[in-house]
Amino acid sequence: MEMRVDFHTHIIPEDLPNFVEKFSGERWPTLQRTCTCGANIMVAGKVFREVTDQCWDPARRIVDMENENVDIQVLSPIPVTFSYWAPAEQAALMAQIQNDFIAETVKQYPNTFIGLGTVPLQDTEFAIREMERCMNELDMKGIEIGTNVNGKNLDDPSLIDFFAACEKMNVPLFVHPWETLGKDRITRHNLMYTVGMPSETALAAGSLILGGVMEKFPDLKICFAHGGGSFPYILPRMDKGWKVWPHLRLIDKPPSYYAKKFYFDSLVNDPRIVQFLVDSFGHDKILMGSDYPFLLREIPPGNDVENTLTLTEEQRKAIMGENALRFLNMK
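Notes on the structure in this doc start here. (Residues numbered from 1 in each chain as written. Predicted model: local features only at pLDDT ≥ 70, side-chain atom pairs only at ≥ 80, totals over all residues. Heavy atoms only, no water.)

Let's shift gears to the overall build of the chain. If you tally the helices and strands in the chain, you get twelve helices and 13 strands. Against the compact-globule benchmark of 20 Å for 331 residues, the chain has a radius of gyration of 19 Å, which places it among compact chains. By principal-axis analysis of the C-alpha atoms, the chain measures approximately 55 × 45 × 45 Å. For the chain, with 331 residues in total, the buried portion stands at 55%. In the chain, the proportion of contacts linking residues at least 24 apart, taken out of those at least 6 apart, comes to 71%. Summing over all exposed atoms, the chain offers an accessible surface of approximately 15000 Å²; the carbon and sulfur share of this is 51%. Computing the positive centroid from 33 side-chain charges and the negative centroid from 45, the chain places the two 5 Å apart. (Helix = DSSP H or I, 4+ residues; strand = E, 2+ residues; numbered from the N terminus. Rg over C-alpha atoms; globule rule 2.2 N^0.38 Å. Buried < 20%, exposed > 50% of the residue type's maximum accessible area, 1.4 Å probe, protein only. Contact = heavy atoms within 4.5 Å. Areas by Shrake-Rupley, 256 points an atom, 1.4 Å probe, with all protein chains shown as cover. Lys, Arg positive; Asp, Glu negative; His and termini not counted. Charge placed at Lys NZ, Arg CZ, Asp CG, Glu CD.)

A word on the side chain of Asp270. Structurally, Asp270 can be placed in the loop between β12 (263-265) and α10 (271-281). Using a relative accessible area of 19% as the deciding quantity, one classes Asp270 as buried. A distance of 2.8 Å separates a polar atom in the side chain of Asp270 from a polar atom in the side chain of Arg272. (Polar contact = N/O pair within 3.5 Å; in protein donor to acceptor, adjacent residues only side chain to side chain.)

Moving on to the sheet that holds strand β11 (residues 222-224). If you trace the eight strands from one edge of the open sheet to the other, you get β1-β5-β6-β7-β10-β11-β12-β13, paired in parallel fashion. In this open sheet, the two edge strands, each paired with only one partner strand, are β1 (5-11) and β13 (286-287). Direction of pairing for β12 relative to β13: parallel, over a ladder of two bridges. Directly across from Asp265, in β13, lies its bridge partner Leu287. Seen against the sheet, helix α3 (residues 88-108) touches β1, β5 (72-77) and β6 (113-118) and runs at an angle of roughly 170 degrees to β6. (Pairing = 2+ DSSP bridges. Axes fitted to C-alpha atoms, helices over the stretch in contact; angles between N-to-C directions.)

This part is about the sheet that holds strand β2 (residues 30-35). Sheet architecture is open: three strands sit in the order β2-β3-β4, paired in antiparallel fashion. The open sheet has two free edges, formed respectively by β2 and β4 (46-52), since each of these has just one partner strand. Ignoring which end each strand starts from, the neighbouring axes of this sheet average 30 degrees apart. Bridge analysis of β2 against strand β3 (residues 38-43) gives five bridges, and the strand direction is antiparallel.

As structure tokens, then:
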């Protein structure tokens, strides 16, 4: 039987506490209700994003899933809530609240949802402790992390212990762009979403490879949002750089060797790019993901995969669900 798994969906607790009041600091995201079925996510007194009850109401999600032919959604937090900029104790509390909510939602609907947790990456000890709680107590299947920690790339020495723990515990990671590079230059035209995020993801992937993280931890399982952003397209250029600057090399083999380890969701808005990902990394590394319930999401989920006509039936089935379950170490 074919199982359709949407690997990339976001959720937030409806009763998210107001951390601006609790801890002060205006960068905390808060939920401001606009009506019974809608709210604004507010940051620093401005509307960061308008959301609907699809963001917090499992019953509402399930209706959409039935309409759009999705069997399982993998739930992850909304990146604006990562709060890596905050004191670790406070960010840990923000993470716990979300992780408890996601775990509770999965517990209510165990055949419909799978949970990914979040951790306060600004402090490795706190992050590992919350990751252990997610995996061991809350029965989460992986962790979602951002593409940088307060401007430090993912190969920063401060993160090595975290990645070591992930590999040791066999925790799959979903890397999602946030706090994108070039922020001052992408304020117009919603460029943050269309150019900033894909560029940010490429920087994260490139850092993990060129900084030696993937060489040091060859069994790390990492999936990048939005088809890896611009990373797959510029990977040959990274190989070229590795070749012509031998004095800068920290890794034994060219970047494309380590990139073969990566997984990518299928949210690329064009079947030709799905095909490019399959050709570049293998069909077993692509996971169907839609970015539900946001405006840039794919409707119906997996549409571009369905329209990638060169895929065999077996490859299509793998991308539409089997790969996600295997990535998350599930049967």
